[in-house]
Amino acid sequence: MPVISGQGQSTRASLDALLAAREIAITCGPGGVGKTTTAAATAAMAAAYQPGRVLVLTVDPARRLADALGVQGLGNAERRIPDELFREAGVTPRGELWAAMLDTKESWDALIRRHAPDARTRQQILQNPLYRNISGRFVQSHDYIAMERLYEIHAEGSYDLIVVDTPPSRHALDFLDAPKRMADFFSSRLLRWLIVPYRSRVMNLASKPFYQVADRLLGTQFLEDIAEFFILFNTLHEGFVQRAEAVGRLLEDRRTTFVVVSTLEAAPLREAELLAGALVDRRLHLGALVFNKVLPDYLRDPGAAEVARAIGERAGEIAGQLPTDPALTERLLVEIAESFLNLRIVARREAEQQADLGATPEVLASAPAFDTDIADLAGLLRLGRALWG
Amino acid sequence: MASPEGQSETAPRSAAPPLLDLKLVFVTGKGGVGKTTVAGALALLAAQRGQRVLACEIDPTGALAALFEVGPVGFAPREVAPNLFAMSMDTEASLREYLKHSLRVPLIGRIGPLATAFDFVATAAPGVRDILTVGKLCFEVRERTYDLVVVDAPATGHVVSLLAAPQAINELVKVGLIRSQTDWILQILSDHARTGVVAVTTPEEMPVAETIELTGRLQAETSVALSAVIVNRVLPELFGRREEEVFARLCEPDLAAQLSAAAGGDVGPILDGARLAVTLRRAGAVHLDALRDGLDPTVPLLLLPYLFTRFPGLRTTRQVASALSDELGF
C-alpha cells in the first residue's frame, strides 16, 4: 500500500526524509531485535543532522546504552546529551539530543495525581495495595503508560521530534491496544457491576451468580478490596477515559509514524510482519521497516560460493602451493570454506525472507551485525548511518 | 515423592536433580533467543527417552505447533510426536475446568458472560490469570498424568510474576477456595526436586544481562529453583592460535593472491567471511564469560551450537534435541 507523506511532499525512501516530516516516531517490534538501540540511533542521527530538539524516550535500555545516553537511573527526567559527546564522535550536531527513561511506577503516580478529584482520594489510591500491585505489574500498564507519557511530552511541545521505544511486551501489538483497553476498562459495565453491590448492598439478578462464583473463588474480603479500589478509581473515570482517547488519537495522527524493527530470523520476522499488517489495518502510518544484524551481501555471491567449494574440496592440494605449514593450512582452508558456506545458508535464507515480505513501508532500511556492542554515541551513530539512507 | 522433602530445600543447587528427572520445567528467556525451540526440543528429547511428556505453550502464538509441524494446538492436549502431547494455555478454559472439577458449580451457563466477567476480574487482579495458568500445570503434575510437563513460559520479564502469583494471591486473598488451592500449588512449585526453571539465552549482551537479573529475581521473589541455563546459538571456534597465525598470513595481499590463483577465483569474500565468523564468535565469547561470572557456579550451563540450517520445524527441533542430549551426557 503506497503511503503518502503527511506534508504532501514527494517522499524519498530514507529514514532521514521520513523523520524530517514527522513529530513522533514509535519504534516497535518483537523482543531481542535491537529496538531500543535502533530508537536511540535514529534519534541521535536526527539530532546530529537535522535542526531542532529531539527526544528519545527509552524504556529498558541495556546498561551500556543507558550509560552512552547518560540516562542510567534517571527515571522520568529528560536530560540533554552534551554536544561534546557528539564532537567526540566526530559530529557537530545541528540539533539537540535529549533522552529520558520511562519509569512506570512514577508515571502512574503522576497520572493519579493529575486525575484525582481531591487530596484524600489521591492518597487513598496511592496507598491502596491493589493499586500498588497494578501499577507495578498490571499486564498492560507498561504499554499504556508509555503511550501516556508520550502524549504528555508531546502536548508540552518542547520537542520537534520524539522517538519512542516501546516496552517489551508479550505481544508486539499490545501497546497499540493499550489506550483503548484502558478506556474500555473504565467504561466497562462490569466495573459498575462490581462496584454496585458494595455501594448499595443490593445485588441485582444479573450480577448475583457472578458474585456467588467470585465469592467462592476469591473470598469476600478480596472482592471488597477490589471493589474499594474501583470505587476510588471510578472517581478518575472521566479524566482517564478522555485522556486514553486522546492518546489513541495521537497514535493515529498524521504527525506520528511507526518504525517496525526486526531481524531477518524467521520468528521475529513473522511477528514483525504481523505487526506491520496490523498497523496498516488500523490506518496507522507504517513509516519504516528496519532490519538489524543483517549479514553482508558478499556471502550470497555465487562466484564466492564456487571458490569456497573449491577451497574446501581441494584444500590439501591448494595448501601445497602455499609457503605456509601444509597440514595446518589444509585444516584452516577446510574450516574457512565450511564457515563461509554455513554463513551463506543463513544469508540466503534471510534474503529470501526479506524478499517474501508482504508489508510495504515507506522506508526499508537495514544495518549489518556489528562486531562490538554499542557502548557510546559513536557506536549509535555508526548504526544510525547504516540506516539513514 | 521419592526424595525426602527437606533435602532439596537445603542442598546446594548442584544436588538438583538432572533436568529430565524434574516433573515441571518452565523454559523462559528473553524474546528472540529461541526459548520455544529449546522448550520443544527438551520435551522431544524426554519423549524420545521414553517419558510421557506434556508440552504447554502459555502464549497462544502457535509457535510450539510449528516446531512439530502440526496444525494449531488447543487447550486439550494433542499427541504431536510419540509420547509427546502439546497444548496451548487458555486461562478461561482452565477456569471452566477448575470450576467443573473442584467447585461443582451448578449451571455454569447462568454465570452469564463468563468470558467477559472473567476477563474483567483477571484484569483487575493481575495474579488471577497467572494462577489459573500455574494451577493447571501443577494440577497435571499432581495428577501424574505425565512424567514431565515442559512449559514454554513467558519471556524473562514476565515469568517471575507468573511464578510469584500463587504467593502473591496467597497474601492478598485471606480466605476462599483460591487460598486453599494456592497451598498445594506452592508446595509443588517450591519443591526443587520436582519443579525448576530453565533460562535460555544467547551469547549477547542483553539476553545475558536479563538472565543474570532473572536468577536474582527468581531467588528473591519466588521459591522456584533455577535448574539450568541454556546458551543457544553458540558459534563454533573457527580455529586455534596456530591456525590464526596462518590465517593472518593468508590475509596478506601476496598470499591472498596466490590463494586466489590456486582456488581459481577471488578469495577476498571467503577471507572476509572467516573474519566475520571469528568476530561474531569473539563477541559472543565475551558475553559467555560475563554469564559464567554472573551465575551461581552450581547451576548447570549447557551450550547449544548455532545451527546453520536453523528454521523452525521438526528437523530443527530434532537437531536441537540431539544437541541437548549430547550436553546432558546421554
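For every chain, the first residue of the written sequence is number 1, and numbering continues from 1 along that sequence. For naming, the first written chain is A and the first written ligand is 1, with later ones following in the order written. In keeping with the model being predicted, local features are shown solely for residues with a pLDDT of at least 70 and side-chain atom pairs are shown and tallied solely at 80 or more, while totals for entire chains, interfaces and linings include all residues.

**Q** Quick one: what's the story with the overall build of chain B, residue by residue and with numbers?
**A** Strands here mean DSSP runs of E at least two residues long; helices mean DSSP runs of H or I at least four residues long; both are numbered from the N terminus. The number of helices and strands found in chain B is 13 helices and eight strands. Three exposure classes are used, based on other C-beta atoms lying within 10 Å of a residue's own C-beta, which is placed from the backbone: buried for 20 or more, exposed for 12 or fewer, and partly exposed in between. The proportion of buried residues among the 330 residues of chain B is 50%. Placing a C-beta atom from the backbone of each residue, one calls two residues in contact when those atoms lie within 7 Å. Partitioning the contacts of chain B with sequence separation of at least 6, the portion at a separation of at least 24 is 74%.

**Q** If you had to explain the environment of B:A46 to someone new, which residues and values would you point to?
**A** Residues and elements named next belong to chain B. Mapped onto the fold, A46 is located in helix 2 (residues 35–48). The buried category is assigned to A46, around which 26 C-beta atoms lie within 10 Å. The sequence separation of A46 and L214 amounts to 168 residues, and the corresponding C-alpha distance is 25 Å.

**Q** If you had to explain the sheet that holds strand 8 (residues 363–368) of chain A to someone new, which residues and values would you point to?
**A** Residues and elements named next belong to chain A. Pairing is mixed in the open sheet, where eight strands are placed in the order 3-4-2-5-1-6-7-8. Both edges of this open sheet fall to strand 3 (79–80) and strand 8, since each of them pairs with a single strand only. The pairing of strand 2 (residues 52–58) with strand 4 (residues 95–101) spans seven bridges and is parallel. Paired with V54 across the strands is L97, a residue of strand 4. The strands touched by helix 14 (residues 266–281) are strand 1 (24–28), strand 6 (256–262) and strand 7 (286–294); relative to strand 6, the strand with the most contacts, the crossing angle is about 165°. The pairing criterion for strands is at least two bridges between them, as found by DSSP. In this description, a line fitted to the C-alpha atoms serves as the axis of each element, helices being fitted only across the stretch in contact, and the angle between N-to-C directions of two axes falls anywhere from 0 to 180 degrees.

**Q** Let's hear about the sheet that holds strand 5 (residues 148–152) of chain B: which residues, and what values?
**A** All names here are of chain B. Here eight strands make up an open sheet; going across it, the order is 3-4-2-5-1-6-7-8 and the pairing mixed. Only two strands of the sheet have a single partner each, and these edge strands are strand 3 (78–81) and strand 8 (301–305). Sheet twist, expressed as the mean angle between neighbouring strand axes with direction ignored, is 25°. Pairing geometry for strand 1 (residues 24–29) and strand 6 (residues 195–201), over six bridges, is parallel. What sits directly across from G29, in strand 6, is V200. Across the sheet, helix 9 (residues 205–221) lies against strand 1, strand 6 and strand 7 (225–234), angled at about 160° from strand 6, the strand it touches most.

**Q** Can you break down the environment of B:Q48 residue by residue, with the values?
**A** Within the element layout of this structure, B:Q48 appears in helix 2. Residues B:Q48 and B:A321, 273 residues apart in the sequence, show an inter-C-alpha distance of 9.3 Å.

**Q** Please give an account of the domain arrangement of chain A that cites residues and values.
**A** Residues and elements named next belong to chain A. Domain boundaries assigned for chain A yield domain 1 (15–297 + 353–388) and domain 2 (298–351). Contact with domain 1, which involves eight residues of that partner, is made by nine residues of domain 2. Looking at which element gives the most residues to the side of domain 1 that touches domain 2, the answer is helix 17 (residues 326–355), with three residues. Along the lines of polarity and charge, the residues of the side of domain 1 that touches domain 2 split into five nonpolar, two polar and one charged. Domain borders in the structure are assigned automatically or taken from a domain database. Gly falls in the polar group here, along with every residue not listed as nonpolar (Ala, Val, Leu, Ile, Met, Phe, Trp, Tyr, Cys, Pro) or charged (Asp, Glu, Lys, Arg).

**Q** Go over the nonpolar core, please, and point to the residues and values.
**A** Residues A:A43, A:A44, A:V54, A:I162 and A:V260 are the most contacted members of the largest nonpolar core, which totals 91 residues. Top element by residues in this core is helix 2 (residues 35–49) of chain A. It accounts for nine residues. Residues in contact with A:V260, not counting those within four places in the same chain, are A:C28, A:G29, A:A272, A:L275, A:A276, A:L286 and A:L289. In terms of nonpolar packing, the next biggest core, distinct from the first, is built from 87 residues, A:A267, B:L19, B:L67 and B:V150 among them. To define a nonpolar core, we join buried Ala, Val, Leu, Ile, Met, Phe, Trp, Tyr and Cys residues through C-beta atoms within 7 Å and take the resulting set.

**Q** Any chance you could break down the confidence of the model for chain B for me, citing the residues and the numbers?
**A** Residues and elements named next belong to chain B. By definition, pLDDT measures how confident the predictor is in each residue, and it falls between 0 and 100. The share of residues in chain B with pLDDT of 70 or more is 84%, and the mean pLDDT across the chain is 85. Ranking the elements of chain B by mean pLDDT puts helix 1 (residues 5–10) last, at 39, and strand 5 first, at 98. Taken as a whole, residues 1–14 scores under 50 in pLDDT and shows 14 contacts with residues more than four places along the chain or in a different chain. Between residues 107–112, whose pLDDT stays under 50, and residues either more than four places distant or in other chains, the model counts 11 contacts. On the interface metric, ipTM, the complex scores 0.79, and its pTM is 0.80.

**Q** Any details on the environment of B:V200? Residues and values, ideally.
**A** Residues and elements named next belong to chain B. With respect to the secondary-structure elements, V200 resides in strand 6. For the pair V200 and V134, spaced 66 residues apart in the sequence, the C-alpha separation amounts to 20 Å. If near-sequence neighbours (up to four positions away) are discounted, V200 is found in contact with V27, T28, G29, V33, G34, K35, V38, I230 and N232.

**Q** Any details on the pairing of strand 5 (residues 161–165) of chain A? Residues and values, ideally.
**A** All names here are of chain A. Across the five residues of strand 5, five count as buried, placing the element largely inside the fold. The two faces of strand 5 match: L161, V163 and D165 on one face and I162 and V164 on the other face are all buried. The pairing of strand 1 with strand 5 spans four bridges and is classified as parallel. The residue bridging I26 from the neighbouring strand is V164, located in strand 5. Both strand 2 and strand 5 contribute to a ladder of four bridges, which runs parallel. Its bridge partner lying in strand 5, L55 is registered against I162.

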